[in-house]
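Architecture and fold: a report
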Amino acid sequence: MKPFPLFVAGLFLLAGCTPNAQLITLRGNNVTPTSKGLIIDNDSLTIRYSFYSERGIMTFSVFNKLTVPLYVDWKNSAFIVGSTKFDYWRDVAYVALSGPSYRYNGYPGYGLAGTVSKDDQVGFIPPQTKLTKQQFVVLPAGHLRLSGQPTIEQEPELWAFGSRKKRIDVQNYAFTAADSPCRFRNFLTLSTQRDFQQAFYIDTRFYAANVRVMPATQVSGYRTPYSNQTDAMARDPHKLPDSFYVITKASGTSQH
């Protein structure tokens, strides 16, 4: 085989091995999409959710609008996938050990020193302040199984330069809350009383409303010795707080 055809064959082989990404846009039953995230807003509080990261690290803040403190009962709050709940708080103490440091009658000992810590069961939010929580990942493994017929869109290739820049095909899947391949809940118990005698509940049911399948470099980008993460993400029009992405070698064959 001549060198040029061999080079072309190599390019096709490389293209076949290029990973894809699923860019997943979320919606919910009681949240409003904004440029700052998915938001719940009422007379008492504002809750703002953001997810943009690989695999969807859920970050949310609770802002207290009241003139009295607001409390979050982490023991009776949960992140829920299907019928399985994952607790925000467990009655567990954590020990961080360091080297030998104690003394007995002025002489060094040989035990380990350390500190014991324990998460707060109740979150305290003073008036006109916010509490921020980041604990769970939406899709810790695998990627979404996509069903139905996608529409095909095109968008500019983001990470090519000069004459190499072109438009690429993007598969676009749309879902409702009933048929979405990714559904989860965040259940919060709150009160203006620390004993929670009069509690109220916010149950947010999230789902993937849109999944776009594209080359992974559209969301992860190329890296050079002169680039950094801040520069790369600044160039990324997909960096939206109501979305996250998953890198995969296929266009969607695994399950949430």
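Residues numbered from 1 in each chain as written. Predicted model: local features only at pLDDT ≥ 70, side-chain atom pairs only at ≥ 80, totals over all residues. Heavy atoms only, no water.

**Considerations on the sheet that holds strand S4 (residues 45-50)**
Just so we agree on the cut-off: In this analysis, strands are considered paired if DSSP registers two or more bridges between them. Helix numbers and strand numbers start at the N terminus; a helix is a DSSP run of H or I with at least 4 residues, a strand a run of E with at least 2. For helices, the fitted line uses only the C-alpha atoms of the stretch in contact; every axis is such a line through C-alpha atoms, and the angle between N-to-C directions lies from 0 to 180 degrees.
Here 5 strands make up an open sheet; going across it, the order is S2-S3-S4-S5-S14 and the pairing antiparallel. Each edge of the sheet is formed by a strand with only one pairing partner; in this case those strands are strand S2 (32-34) and strand S14 (130-137). In this sheet, neighbouring strand axes are inclined to one another by 25° on average, regardless of whether the strands run parallel or antiparallel. Across 4 bridges, the pairing between strand S3 (residues 37-41) and S4 is antiparallel. Bridging across to S4, Asp41 finds its partner in Thr46.

**As for the confidence of the model for the chain**
It should be kept in mind that the predicted coordinates are not to be read in detail where pLDDT is low. This is how it is decided: Scored from 0 to 100, pLDDT records how confident the predictor is in each individual residue. Contacts are residue-level and defined by heavy atoms, with any inter-residue pair within 4.5 Å sufficient.
Averaged over all residues, the pLDDT of the chain is 82; the fraction at 70 or higher stands at 72%. Scored below 50 in pLDDT, residues 4-15 makes 1 contact in the model with residues more than four places away or belonging to other chains. Considering only residues more than four positions removed or in separate chains, one finds that residues 102-107, a stretch of pLDDT under 50, has 7 contacts.

**Observations concerning the pairing of strand S5 (residues 57-64)**
Stated precisely, the cut-off is as follows: Note on classification: 1.4 Å probe, protein chains only; a residue is buried when its accessible area is under 20% of the maximum for its type, exposed when over 50%, partly exposed between these limits.
Within S5, 6 of the 8 residues are buried, which leaves it mostly tucked inside the rest of the structure. Direction of pairing for S4 relative to S5: antiparallel, over a ladder of 6 bridges. Residue Arg48 lies in a different strand from S5, and its bridge partner there is Ser61. The antiparallel hairpin formed by S4 and S5 contains 6 residues in its connecting segment, where Arg55 sits at a positive phi of about 80°. Two elements, S5 and S14, share 7 bridges in a ladder whose sense is antiparallel. Note that in S14 the partner of Phe60 across the bridge is Lys133.

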